[in-house]
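Chain by chain, the residues:
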Amino acid sequence: GDRNRRLIYLGAVLLMVAALVLSFSRGALLLGVPAALTVIILFRGGKRAAAALFTLLATALVAFGRHPRLENLLSRNTGPTFFRLNLWRSTLNMISDHPLTGVGLDNFLYAYRGRYIAPSAWQDPHLSHAHNWVLDFAARIGLPGLAVAFWMLVAFFTTTVRALRAPSDPEFRALAVGLIASMVDFLAHGMVDASYWFVDLAFAFMLTVALAQRLVDQSEPALT
């Protein structure tokens, strides 16, 4: 209900939208942001919010559909889709050879270009991550490490849903919805791009998890 706060949030949103559009990040524009906005609409929006979202997405597709970065996305013989498919096959081979321990932290680049790169993908040997969060966790720290990541995600969503169900402050509920949307963005965008294994991304992930726990701690009296 605070008008000044709403204006500040609106300004921040406009800056982030401008940055996203100018980045032409296909993972963000086609997967991450739509997934996050869908979560927000499901929890906090209504028919008007849903109509606004679909209008925005349709406008963006019309405006940027012929951009070369988006047109190349449909090709399986060249461009990002071609390299992603080869990269994922190579990463599966990497995981098959090192299922328990992975290749080690920050060793993906050296293992990929040194042994696992597909011959048809020779033009881009300097990839430092798998461009898929599931494969990235498994390749770096093994299948047990991937299991821990899934455990953390289950704990996060369980915690945030618990906070949402508590009759707590509306601002806490809004923050819980935002945290869920942020994590959904992490999962959706992370299916085709970097997600965790960079300092800033890892910090954002852990901060999101910590805030979720803080929320449920704040609402604990209401839950009991």
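Along the protein chain, the regular secondary structure elements total ten helices and zero strands. Along the protein chain, from the amino end to the carboxyl end, the secondary structure elements read α-α-α-α-α-α-α-α-α-α. Counting the 224 residues in the protein chain, one finds 36% classified as buried. A fraction of 65% describes how many contacts in the protein chain between residues 6 or more apart in sequence connect residues 24 or more apart. Total accessible area computed for the protein chain in this model is approximately 13500 Å², and 66% of it derives from carbon and sulfur atoms.

We now examine the packing of helix α8 (residues 170-189) against helix α9 (residues 199-218). Relative to each other, α8 and α9 sit at 150°, their axes nearing to 10 Å. With respect to their mutual orientation, α8 and α9 come out roughly antiparallel. Taken as a pair, α8 and α9 cross one another with a handedness that is left-handed. Residue-level contacts link Phe172, Leu175, Ala176, Leu179, Ser182, Met183 and Phe186 of α8 to Phe205, Thr208, Val209, Leu211, Ala212, Leu215 and Gln218 of α9. For the contact of α8 with α9, a count of residues per class yields eleven nonpolar, three polar and no charged.

Met94, Phe108 and Tyr112 are the most contacted members of the largest nonpolar core, which totals 43 residues. Broken down by secondary-structure element, the contributors of at least two residues to this core are α2 (26-44), α5 (79-97), α6 (108-116), α7 (133-165), α8 and α9. Sort the elements by how many residues they give to this core and α7 lands first, with eleven residues. Discounting chain neighbours no more than four positions away, the residues touching Tyr112 are Leu87, Ser90, Met94, Ile117, Ala121, Asp124, Pro125 and Leu127.

A side chain of one charge can pair with a side chain of the opposite charge when the charged atoms of the two come close. Using the criterion set out here, one finds three salt bridges in the structure. Between Arg5 and Glu171 there is a salt bridge whose closest N-O contact spans 3.0 Å. Residue Arg5 is found in helix α1 (residues 3-23), and its partner Glu171 is found in helix α8; the two are separated by 166 residues along the sequence. Overall, the relative accessible area of 36% leaves Arg5 in the partly exposed class.

Another aspect to go through is the packing of aromatic side chains. Counted under the stated rule, the structure contains ten aromatic pairs. With 5.9 Å between their ring centres and 10° between their planes, Phe108 and Tyr112 make a pair best called stacked. Placement of the pair is Phe108 and Tyr112 together in helix α6, with a separation of four residues, close to one helical turn. The class of Phe108 is buried, set by a relative accessible area of 0%.

Where nonpolar side chains cluster on the molecular surface, the patch consists of Leu7, Leu10 and Leu14 and spans about 290 Å² of accessible area. Mapping Leu7 onto the fold places it in helix α1.

Residues with a pLDDT of 70 or more make up 83% of the protein chain, whose mean pLDDT is 84. Across the protein chain, the element-wise mean pLDDT spans from 52 in helix α10 (residues 220-223) up to 93 in α7.

Calculation rules
- Each residue is numbered by its place in its chain's sequence as written, counting from 1.
- Restriction of local features to residues with pLDDT of at least 70 applies here, the model being predicted, together with a cutoff of 80 or more for giving and counting side-chain atom pairs; totals for whole chains, interfaces and linings are based on all residues.
- Heavy atoms from the whole structure form the basis of all side-chain values; hydrogens and water molecules are not counted.
- Helix and strand assignments come from DSSP, with helices taken as H or I runs of at least 4 residues and strands as E runs of at least 2, each series counted from the N terminus.
- The rule is simple: take the accessible area with a 1.4 Å probe, protein chains only, and divide by the maximum for that residue type; under 20% is buried, over 50% is exposed, in between is partly exposed.
- Note on definitions: a residue-residue contact is assigned when non-hydrogen atoms from the two residues lie within 4.5 Å.
- Surface accessibility in these figures is a Shrake-Rupley result with a 1.4 Å probe; residues are shielded only by whichever protein chains are displayed.
- The axes are straight lines fitted to the C-alpha atoms, using for helices just the contacting stretch, and the angles between their N-to-C directions are given from 0 to 180°.
- Roughly parallel refers to an angle under 35 degrees, roughly antiparallel to one over 145, roughly perpendicular to one between 65 and 115, and oblique to any angle outside these ranges.
- Two helices cross in a left-handed way if the nearer one is turned anticlockwise from the farther one by less than a right angle. They cross in a right-handed way if the turn is clockwise.
- Only Asp, Glu, Lys and Arg are considered charged in this grouping, and only Ala, Val, Leu, Ile, Met, Phe, Trp, Tyr, Cys and Pro are considered nonpolar; every other residue, Gly among them, is considered polar.
- Only buried Ala, Val, Leu, Ile, Met, Phe, Trp, Tyr and Cys residues count toward a nonpolar core, and they belong to the same one when joined by side-chain atoms within 4.5 Å.
- A pair is scored as a salt bridge if a Lys or Arg side-chain nitrogen falls within 4 Å of a carboxyl oxygen belonging to Asp or Glu.
- Aromatic rings from Phe, Tyr and Trp, taking only the six-membered ring of Trp, are treated as a pair when their centres fall within 6.5 Å; an angle between ring planes under 30 degrees marks them as stacked, one over 60 as edge-to-face, and anything in between as tilted.
- Patch definition: residues above 30% relative accessible area lacking any salt bridge, with like charges linked at up to 9 Å and the nonpolar side chains Val, Leu, Ile, Met, Phe, Trp and Tyr linked at up to 5 Å.
- How sure the predictor is of each residue is captured by pLDDT, a score from 0 to 100.

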